[in-house]
Amino acid sequence: MESYKIEWKHSAVKELRNLPKDAVVRILKAVEQLPDSPYPVGVRKLVGSEHSYRLREGSYRIIYTVSSSSLIIEIIRVGHRKDVYER
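Now for a quick tour of the structure. The structure presented is a predicted model; accordingly, all values stated were derived computationally and were not measured. (Residues numbered from 1 in each chain as written. Predicted model: local features only at pLDDT ≥ 70, side-chain atom pairs only at ≥ 80, totals over all residues. Heavy atoms only, no water.)

Let's talk about the overall build of the protein chain
Tallying secondary structure elements over the protein chain gives two helices and five strands in all. N-terminal to C-terminal, the α/β element order of the protein chain is β-α-α-β-β-β-β. For a compact globule of 87 residues, the expected C-alpha radius of gyration is about 12 Å, and the protein chain comes in at 12 Å, within 12% of that figure. Considering only C-alpha atoms, the protein chain reaches an extent of 35 × 25 × 25 Å along its principal axes. Within the protein chain, the fraction of its 87 residues that count as buried is 37%. On the protein chain, roughly 5,800 Å² of surface is accessible, and the fraction owed to carbon and sulfur atoms is 50%. Both charge centroids of the protein chain, one from 16 positive and one from 11 negative side chains, sit 6 Å from each other. (Helix = DSSP H or I, 4+ residues; strand = E, 2+ residues; numbered from the N terminus. Rg over C-alpha atoms; globule rule 2.2 N^0.38 Å. Buried < 20%, exposed > 50% of the residue type's maximum accessible area, 1.4 Å probe, protein only. Areas by Shrake-Rupley, 256 points an atom, 1.4 Å probe, with all protein chains shown as cover. Lys, Arg positive; Asp, Glu negative; His and termini not counted. Charge placed at Lys NZ, Arg CZ, Asp CG, Glu CD.)

Set out below in structure tokens:
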């Protein structure tokens, strides 16, 4: 079975750089596990979107899309739970 490839949106990388170091380590560890299991326990589908999901990591959220046909997971947003859903 082929595993998924992780791609980061440029804006998500910028958001990640602005977070505290301990949060960045936890978020990167959670993202590293996504290729083996793109729908881990606790993941939720975002309402109003066909392919977007959110993963909780403490007070932080990872918003990503899954393309099953091309086996790509794209990280769209990363941030604190109070900020990540706005836009």
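Side note on the nonpolar core
By size, the foremost hydrophobic cluster in this structure holds 20 residues, and its most contacted members are L19, I27, I62, Y64, I73 and I75. Those elements that provide at least two residues to this core are α1 (10-17), α2 (21-32), β3 (52-57), β4 (60-67) and β5 (72-80). A per-element tally of this core places α2 first, with five residues. Among residues more than four places away in sequence, those in contact with L19 are V24, I27, Y60, V78 and G79. (Core = buried A, V, L, I, M, F, W, Y, C linked by side-chain atoms within 4.5 Å. Contact = heavy atoms within 4.5 Å.)

Re the pattern of salt bridges
Taken as a whole and judged by the stated rule, the model has four salt bridges. Here R77 ties to E15 by a salt bridge, and the two come within 3.1 Å at their closest N and O atoms. Taken together, the residues R77 in strand β5 and E15 in helix α1 connect sequence positions 62 residues apart. Judged by relative accessible area, E15 falls into the buried class, the value being 16%. The partner of R26 in a salt bridge is D22, with the nearest N and O atoms 3.9 Å apart. Placement of both R26 and D22 in helix α2 is noted, with a separation of four residues, approximately one turn of the helix. You can call R26 partly exposed: its relative accessible area is 33%. Overlapping salt bridges bring together D22, R26 and E57 as one network. (Salt bridge = Lys/Arg side-chain N within 4 Å of Asp/Glu carboxyl O.)

Notes on the packing of aromatic side chains
The full count for this structure, using the stated rule, is two aromatic pairs. Ring centres of Y39 and Y53 lie 5.1 Å apart, and the angle between their planes is 70°; this geometry places the pair in the edge-to-face category. Linking Y39 in the loop between α2 and β2 (44-45) with Y53 in strand β3, this pair joins segments that are 14 residues apart in sequence. Overall, the relative accessible area of 14% leaves Y53 in the buried class. Taken together through their ring pairs, the aromatic side chains of Y39, Y53 and Y64 make up a single cluster. (Phe/Tyr/Trp six-rings, centres within 6.5 Å; stacked < 30°, edge-to-face > 60°.)

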